[in-house]
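Architecture and fold: a report
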Amino acid sequence: MSESDPAGDFDPYTASPQQLVDEFVGLLDVEPIDTDLYRGAQLHGGRGRIFGGQVIAQALAAAEKSVGDDRTPHSLHAYFTRAGDENFPVIYRVTRDRDGRSFSTRRVIAQQKGRPILSMAVNFQVPEEGLHHQFDMPDAPPPEDLISELDFWKAHEDRIPEAFRWMMLRPRPIEMRPCEDYRPHDGAKREPVSKLWIKAVAPLPDDPAIHRAALAHASDARLMGTSMLPHGVDWQSGGMQTASLDHALWLHEDFRIDEWLLYVMDSPWSGHARGMNRGQIYTRDGRLVASVAQEGLIRQVDRG
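Since we're looking at a predicted model, the values are computed, not measured.

Cut-offs and rules
- Residues numbered from 1 in each chain as written.
- Predicted model: local features only at pLDDT ≥ 70, side-chain atom pairs only at ≥ 80, totals over all residues.
- Heavy atoms only, no water.
- Helix = DSSP H or I, 4+ residues; strand = E, 2+ residues; numbered from the N terminus.
- Rg over C-alpha atoms; globule rule 2.2 N^0.38 Å.
- Buried < 20%, exposed > 50% of the residue type's maximum accessible area, 1.4 Å probe, protein only.
- Contact = heavy atoms within 4.5 Å.
- Areas by Shrake-Rupley, 256 points an atom, 1.4 Å probe, with all protein chains shown as cover.
- Lys, Arg positive; Asp, Glu negative; His and termini not counted.
- Charge placed at Lys NZ, Arg CZ, Asp CG, Glu CD.
- Expected span 1.5 Å × (residues − 1).
- pLDDT = per-residue confidence, 0-100.
- Pairing = 2+ DSSP bridges.
- Core = buried A, V, L, I, M, F, W, Y, C linked by side-chain atoms within 4.5 Å.
- Salt bridge = Lys/Arg side-chain N within 4 Å of Asp/Glu carboxyl O.
- Arc of directions from axis to C-beta.
- Axes fitted to C-alpha atoms, helices over the stretch in contact; angles between N-to-C directions.

**Comments concerning the overall build of the protein**
The helix and strand inventory of the protein stands at five helices and 12 strands. In terms of C-alpha radius of gyration, the protein reaches 19 Å, essentially the compact-globule figure of 19 Å for 304 residues. Projected onto the principal axes, the alpha-carbon positions of the protein cover approximately 55 × 50 × 40 Å. Out of the 304 residues in the protein, the part that is buried amounts to 47%. Restricting to contacts in the protein with at least 6 residues of sequence separation, those with at least 24 account for 72%. Counting every atom, the protein has about 15,300 Å² of accessible surface; 49% of that belongs to carbon and sulfur. Here the protein holds 34 positive side-chain charges and 46 negative ones, and the gap between their average locations is 6 Å.

Here it is in structure tokens:
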């Protein structure tokens, strides 16, 4: 039992897939405590630093509560200013910048102990028809032919540094199946491209806002690592300091995250202790439903 799980009534290691998803849905929501002021739920059994995708998802959920049902979010731009702490709740303050005939803009500040940990702008639009084109989905092996990341780590537990085993072996509500040969921590240098199938492990409610928040959460996973592939290191490598600096997500089309989505990632540049990463997210039938961009800190430090 951790300080962030005082009740100790949820064990992800024994939970069913549906229980994992139900708990996840609760994590994605925020509790109103005053007008445009919300409190985010804490991850049961969480330790140390809060996962950035969780803060993005909860900030998006808070922003969505301030607009009418006639408009949906189409983009968000977030900056991480401090690391969040799993042992404290996160408070979200929403500012209503503008409500026009077609678009609305919101700003969200996420804070802990009176200090901001994330600032985010979210833009909403009343849906309308318009010109349409998209990049084609690249070829990828079907998810049924691939092993999940969790199953890989269970089979190679001895390759996980002891400090990270609780994290890597924890069952998660979003399953990830990498398309490439999964050979982490071997020091090999690879092209800065990656593909990953993602899907909730059990059905989610039909509310599209839940699927958007879940995708915002998942979009922060594995993305920053793309910029480290050409250098033969990752976030678990000794001598590396890593953190998300900013994160942008554009939502193009409707989707369900309890159906398979292909997350295609690349990194066009790294330098000055930063790595630039991009992503496109497709449905299995080839619709481009979201795009992602993120810059991360990938700093080599002397730990000697």
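Once the structure has been displayed, the description carries forward.
**Brief notes about helix α2 (residues 52–64)**
Here α2 spans 19 Å end to end across 13 residues, near enough to the 18 Å set by a 1.5 Å rise per residue. Summarising burial for α2: 13 of the 13 residues are buried, a large majority.

**Concerning the confidence of the model for the protein**
As a note on interpretation, predicted positions should not be read in detail where pLDDT is low. Mean pLDDT over the protein stands at 92; residues scoring 70 or higher make up 95%. Of the regions scoring below 50 in pLDDT, residues 1–7 engages in 15 contacts with residues more than four places distant in sequence or in other chains.

**Side note on the pairing of strand β2 (residues 37–40)**
Of the pairings in the sheet, the one linking strand β1 (residues 30–34) to β2 comprises four bridges and is antiparallel in character. Each residue of the ladder has a partner; that of Val30, found in β2, is Gly40. Remark: two residues form the turn of the hairpin made by β1 and β2, two consecutive strands paired antiparallel; Asp36 in that turn has positive phi of roughly 60°. Relative to strand β4 (residues 90–99), β2 runs antiparallel, the two sharing four bridges. Paired with Arg39 across the strands is Ile91, a residue of β4.

**Some remarks on the nonpolar core**
Ranked by internal contacts, the top residues of the largest apolar core, which has 56 residues, are Tyr92, Leu118, Met120 and Leu215. Residue contacts for Met120: discarding those within four places in its chain leaves Ile56, Ala59, Leu60, Leu76, His77, Ala78, Arg106, Arg107 and Val108.

**Overview of the pattern of salt bridges**
Taken as a whole and assessed by the stated rule, the structure comprises 15 salt bridges. Across the pair Asp97 and Arg107 runs a salt bridge whose closest N-O atoms are separated by 2.7 Å. With Asp97 in strand β4 and Arg107 in strand β5 (residues 103–112), this residue pair connects regions lying 10 residues apart in the sequence. Measuring nitrogen to oxygen at the nearest pair gives 2.9 Å for the salt bridge that ties Glu295 to Arg274. With Glu295 in strand β12 (residues 288–300) and Arg274 in strand β11 (residues 274–283), the pair connects residues that are 21 residues apart, well separated along the chain. Arg274 sits in the partly exposed class, given a relative accessible area of 30%. Through salt bridges with shared partners, a single network forms among Asp206, Arg256 and Asp258.

**What about helix α1 (residues 17–28)?**
For α1, built from 12 residues, the straight-helix expectation of 16 Å at 1.5 Å per residue is met to within 8% by its first-to-last C-alpha distance of 17 Å. When α1 is considered as a whole, its buried residues turn out to be Leu20, Val21, Phe24, Val25, Leu27 and Leu28. Each buried residue of α1 lies within a common arc of 160° when the element is viewed along its axis, so the set occupies one face. Looking at the packing, one finds that the buried side of α1 touches β1, α2, β7 (174–178), β8 (193–200) and α5 (208–218).

**As for the sheet that holds β2**
Strand order in the open sheet made by the 12 strands is β1-β2-β4-β5-β6-β3-β9-β12-β11-β10-β8-β7, with antiparallel pairing throughout. Where the open sheet ends on each side, the last strands, each with one partner, are β1 and β7. Each neighbouring strand pair of the sheet contributes to a mean axis angle of 25°, computed without reference to strand direction. Note: strand β3 (residues 72–80) against strand β6 (residues 115–125), eight bridges, orientation antiparallel. Counterpart to Ala78 in the pairing with β6 is Met120. Seen against the sheet, α2 touches β1, β2, β3, β4, β5, β6 and β9 (240–251) and runs at an angle of roughly 50° to β6. Contacts from α5 reach β3, β7, β8, β9, β10 (261–271), β11 and β12, with the element oriented near 150° to β9.

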